[in-house]
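Working through the structure, step by step
For reference, the chains in residue letters:
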Amino acid sequence: MITTSTVETNTFRTSLGVEIVTGEETPARLPGQGRPQPAHRLLAEDVGEYLFVGLRGCGGPPDPEPARLRLAPGDVCFYDADRTPGLDFPERFTATVFLVPGDLLGLAEPDVRRIARTPVARASRLGTLLSPLLSDLARTAAEARPAVGEMLAWNAVNIMSTLATEQLGAEAPGTQGGESAQPPVLKRILEYVELHLTDPDLSPEVIARAHHISVRYLHKLFKDEGATVGRWILRRRLEECRRDLMRYGRGSRTIAAVAGRWGFLSATHFSRVFRAAYGMSPREWRDTAGRGARTGRD
């Protein structure tokens, strides 16, 4: 764990694998596993609170391209917890750190590399709204009863997922000078996928035909994004199922109904891919998330 000065450090761990560290004043390094990545450095000149999201379990080979990112108080910076960046910060500053399994945010290795290079500025539209909220959630979760803290931590995960989605949409691979290298047709395709996630017949052939392109070209577009068409669709469907299972708990919708709503024709297949993605069965996820939600309302 990182070293601190005189301020008491609070650490809160949840059953979902999220860890929240508050009260870190002038840390020597950010928490994480493995070796630091010297070529990736975070720079700041002003004192204040900085928000960090360390993504676990998504690391691949070290990023060969050096990165020097400048931060201001209140900025939200994602980083690879398997290879922590170096810090060039003032003598006194405060760090609030969320350690989150990358798959909870639906992030793969290429996503982590991209998002680690695009901090969410406190002065941006989403940063102005969500940076203070994340800070408050971190402090409250660390001080609350465990069950309430679990629910608050899950709310924080949803916020971080929103920030990650926004940043990945804004910064495509190869971005230069603020202009996205992402082909316009890919943006339309991703919007089409979002609108048709519930359709069990959604397939590369259907997508290609709807956009008047070849299936081969469609696969090339997704390959350039570090994904495949099928994996992209599967990931988005699993994310929506996971949210619905938490939202409805043991209420009016069964696990099979939730799976069917998002295009899964086989409950057995859904359970298998859900466990592979999140390390627990849909039922275990529903019961864990639902238990925190019910207690948080008491």
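Refer to the structure above for everything that follows.
What comes next concerns the included structure. Note that the structure is a prediction, hence the values are computed from the model and not measured. (Residues numbered from 1 in each chain as written. Predicted model: local features only at pLDDT ≥ 70, side-chain atom pairs only at ≥ 80, totals over all residues. Heavy atoms only, no water.)

1. Section: the pattern of salt bridges
Taken as a whole, this structure holds 16 salt bridges when the rule is applied. In this structure, Asp136 and Arg139 form a salt bridge, with 2.6 Å as the shortest nitrogen-oxygen distance. Placement of the pair is Asp136 and Arg139 together in helix α2 (residues 125-143), with a separation of three residues, close to one helical turn. Asp136 sits in the partly exposed class, given a relative accessible area of 38%. (Salt bridge = Lys/Arg side-chain N within 4 Å of Asp/Glu carboxyl O. Helix = DSSP H or I, 4+ residues; strand = E, 2+ residues; numbered from the N terminus. Buried < 20%, exposed > 50% of the residue type's maximum accessible area, 1.4 Å probe, protein only.)

2. Let's talk about the sheet that holds strand β3 (residues 37-44)
One key point about sheets: their strands pair by backbone hydrogen bonds, in either a parallel or an antiparallel sense. The three strands lie next to each other as β5-β3-β7, forming an open sheet whose pairing is parallel. Of all the strands in the sheet, the pair left with one neighbour each is β5 (67-71) and β7 (85-88). Neighbour to neighbour, the strand axes of the sheet diverge by 25° on average, direction disregarded. Direction of pairing for β3 relative to β5: parallel, over a ladder of five bridges. Residue Leu43 lies in a different strand from β5, and its bridge partner there is Arg70. (Pairing = 2+ DSSP bridges. Axes fitted to C-alpha atoms, helices over the stretch in contact; angles between N-to-C directions.)

3. Things to note about the nonpolar core
The nonpolar side chains of soluble globular proteins are, as a tendency, buried together. With 67 residues, the main nonpolar core has Phe78, Leu134, Met160, Leu163, Ile207, Phe270 and Trp285 as its most contacted residues. Per element, the largest residue contribution to this core is eleven residues, and it comes from helix α3 (residues 146-170). Non-local contacts of Ile207, meaning those with residues more than four positions away in its chain, are made with Ile189, Tyr192, Val193, Leu202, Leu218, Val229 and Ile233. Among the nonpolar cores identified, the runner-up in size contains 17 residues, and Ala44, Phe52, Ala81 and Phe93 belong to it. (Core = buried A, V, L, I, M, F, W, Y, C linked by side-chain atoms within 4.5 Å. Contact = heavy atoms within 4.5 Å.)

4. Digging into the pairing of strand β2 (residues 19-25)
Taking burial as the measure, the seven residues of β2 include seven buried ones, the bulk of the element. In this sheet, β2 lies alongside strand β1 (residues 10-13) in antiparallel orientation, the contact comprising four bridges. Paired with Phe12 across the bridge in β2 is Ile20. Between the antiparallel neighbours β1 and β2 lie five residues, among them Gly17 with a positive phi of about 90°.

5. Re the layout of surface pockets
The space that makes up the largest pocket amounts to roughly 600 Å³. Taken together, 24 residues line the largest pocket, and the ones lying closest to its centre are Thr165, Gly169, Leu190, Glu194 and Trp232. When residues of the lining of the largest pocket are traced back to their parent elements, those giving at least two are α1 (109-115), α3, α4 (184-195) and α7 (229-248). Residue contributions to the lining of the largest pocket peak at seven residues, all from α3. Taken together, the residues that form the lining of the largest pocket break down as six nonpolar, six polar and twelve charged. (1 Å grid on protein atoms, 1.4 Å probe; cavity = no way out; pocket = protein on both sides within 12 Å on 5 of 7 lines; lining within 4 Å. Points joined across faces, edges and corners; volume = space filled by probe spheres on them. Nonpolar A, V, L, I, M, F, W, Y, C, P; charged D, E, K, R; others polar.)

6. A few points about the sheet that holds strand β4 (residues 49-56)
Taken in spatial order, the five strands of this open sheet run β1-β2-β8-β4-β6, and their pairing is mixed. For this open sheet the edge positions go to β1 and β6 (76-80), each flanked by a neighbour on one side alone. Between one strand and the next, the sheet's axes are offset by a mean angle of 20°, whatever the strand orientation. Here β4 pairs with β6 via five bridges, running parallel. Its bridge partner being in β6, Phe52 is matched across the sheet by Cys77.

Don't take any of this as a statement about function, it's just geometry.
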